[in-house]
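Residue-level structural notes
Spelled out, the chains give:
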Amino acid sequence: MRTTNGRGGLFSGTGLIVAGLTATLVALLFPIWSYADRSGTGVSVLNASTVTTQYGPLSALDRDFVTKVRLAGLWELPAGQQAQTKGSTLAVRTAGEHLVEGHTFLDARVRKVAARLALPLPNQPSDQQKAWLDTLTAAQGETYDREFANILRLAHGKVFSVVAQVRATTRNSLVRDLADDANTTVLDHIKVLEATGFVDYDAIARDAASASAPPLTNSPTPPTPLDDPGSPVPVTPSPTPTRPDPSPTYALPPAANGPADDD
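Residues numbered from 1 in each chain as written. Predicted model: local features only at pLDDT ≥ 70, side-chain atom pairs only at ≥ 80, totals over all residues. Heavy atoms only, no water.

Per an unreviewed UniProt entry, the protein carries the name DUF4142 domain-containing protein and comes from Streptomyces akebiae.

Let's shift gears to the overall build of the protein. On a plain count of helices and strands, the protein comes out with eight helices and zero strands. In sequence order, the secondary structure elements of the protein are arranged as α-α-α-α-α-α-α-α. The burial tally for the protein puts 38% of its 263 residues in the buried class. Considering only contacts in the protein between residues 6 or more positions apart, those separated by 24 or more positions represent 83%. When the accessible surface of the protein is totalled, it reaches about 14800 Å², and 57% of it is carbon and sulfur. (Helix = DSSP H or I, 4+ residues; strand = E, 2+ residues; numbered from the N terminus. Buried < 20%, exposed > 50% of the residue type's maximum accessible area, 1.4 Å probe, protein only. Contact = heavy atoms within 4.5 Å. Areas by Shrake-Rupley, 256 points an atom, 1.4 Å probe, with all protein chains shown as cover.)

On to the packing of helix H4 (residues 90-117) against helix H7 (residues 173-194). Between H4 and H7, whose axes approach to 10 Å, the crossing angle comes to 170°. Classed by the angle they form, the pair H4 and H7 counts as roughly antiparallel. Taken together, the residues that form the contact of H4 with H7 break down as 13 nonpolar, six polar and five charged. (Axes fitted to C-alpha atoms, helices over the stretch in contact; angles between N-to-C directions. Parallel < 35°, antiparallel > 145°, perpendicular 65-115°, else oblique. Nonpolar A, V, L, I, M, F, W, Y, C, P; charged D, E, K, R; others polar.)

Further remarks concern unusual backbone geometry. Excluding glycine, residues mostly carry a negative phi; peptide bonds, for their part, are mostly trans. At Ala118, a position not held by glycine, the phi torsion is positive, near 60°. Along the chain, the position of Ala118 falls in the loop between H4 and helix H5 (127-138). What makes Ala118 buried here is its relative accessible area of 12%.

With that out of the way, let us pick up the confidence of the model for the protein. On average, residues of the protein score 79 in pLDDT, and 64% of them reach the 70 mark or higher. The low-confidence segment residues 25-41 (pLDDT under 50) makes seven contacts with residues lying over four places distant or belonging to another chain. When the criterion is pLDDT under 50, residues 213-227 qualifies, and its contacts beyond four places in sequence or with other chains add up to 27 contacts. (pLDDT = per-residue confidence, 0-100.)

Our focus in this paragraph is the pattern of salt bridges. A complete count under the given rule lists eight salt bridges for this structure. Residues Arg111 and Asp107 are paired through a salt bridge, measuring 2.8 Å at the closest nitrogen-oxygen approach. With Arg111 and Asp107 both in helix H4 and four residues apart, the pair spans about one turn of that helix. Residue class for Asp107 comes out buried when judged on its relative accessible area of 2%. Notably, a salt bridge pairs Arg146 with Glu142, separated by 3.0 Å at the nearest N-O pair. On the criterion of helical spacing, the pair formed by Arg146 and Glu142 is a turn pair, its members being four residues apart in helix H6 (residues 141-169). You can call Glu142 partly exposed: its relative accessible area is 45%. When salt bridges with common partners are traced through the structure, they connect Arg70, Asp107 and Arg111 into a single cluster. (Salt bridge = Lys/Arg side-chain N within 4 Å of Asp/Glu carboxyl O.)

Enumeration over the complete set of coordinates arrives at two aromatic pairs. Between the aromatic rings of Trp75 and Trp132, the centroid separation amounts to 4.9 Å while the plane-to-plane angle is 45°, which identifies the pairing as tilted. Of this pair, Trp75 sits in helix H3 (residues 60-86) while Trp132 sits in helix H5, placing them 57 residues apart in sequence. When the centroid spacing of 6.0 Å and the interplanar angle of 20° are considered together, the rings of Tyr144 and Phe148 count as stacked. One end of the pair, Tyr144, and the other, Phe148, are both in helix H6, four residues apart, so they sit about a helical turn from each other. Grouping residues by exposure puts Tyr144 and Phe148 together as buried. (Phe/Tyr/Trp six-rings, centres within 6.5 Å; stacked < 30°, edge-to-face > 60°.)

Relative to each other, H4 and H6 sit at 40°, their axes nearing to 11 Å. Handedness of the crossing formed by H4 with H6: left-handed. Touching Val92, Ala95, Gly96, Leu99 and His103 of H4 are Tyr144, Asp145, Phe148, Leu152 and His156, all from H6. Among the residues forming the contact of H4 with H6, the class breakdown is six nonpolar, three polar and one charged. (Left-handed = near helix turned anticlockwise from the far one by under 90°.)

Taking 1.5 Å as the rise per residue, H7 with 22 residues should run 32 Å; its terminal C-alpha atoms sit 32 Å apart, in good agreement. The N-cap of H7, judged by a side-chain oxygen 3.1 Å from the amide nitrogen of Leu174 a few residues on, is Asn172. (Expected span 1.5 Å × (residues − 1). Polar contact = N/O pair within 3.5 Å; in protein donor to acceptor, adjacent residues only side chain to side chain.)

Spelled out as structure tokens, the structure:
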């Protein structure tokens, strides 16, 4: 016996198909239009950790960056001073000079920025940075040169990416200007360290491939800027009679494929 579907049955089946497709589309679109309203998203975390200043919003990343700039000077300046006396090649001693001059300049800048934003700054390097200084203090001769070039180059490479992220995203004018200064200084230091000829690029690449995102430092996250952040001790080099005025840019030594020749 032949059976045919009536109009009601046809429309009923079509209706079920349309309803199913509609439900699927709604399920796919719901996470998109509702995402911005969910708590715990990147936008909500950003808003919750951002404070208002006269120079623009100040995020947790901004505050962490200011802390990192200060911490860099607390250990890289003394490392640079040490390299000026312990380096066995002219290129290593020149790199040390760049570190001293660069962080003398940058530390003065970060202290002014922190004061305007009412942010406290550390007066001691981190435990890891102290360990790096201990490693350099114990090394001698060419071992020292290699340790100096690679420890400092690795550290600068990591902070370079942080500077770029802050410069691209900050809404605070003081932090933006500080990122510009930091970018110039860090890039100069990367180049002068590489010019020593002691940098192990394979080791740096392996570290970058295996490393996870660096944790935030213990940067201040107050609901409002602090009234009195205290007075950070200036990072200054030991006086030398021939030291030029601090500047964020310097002449680089010639590039080297191997350990640079001494003078």
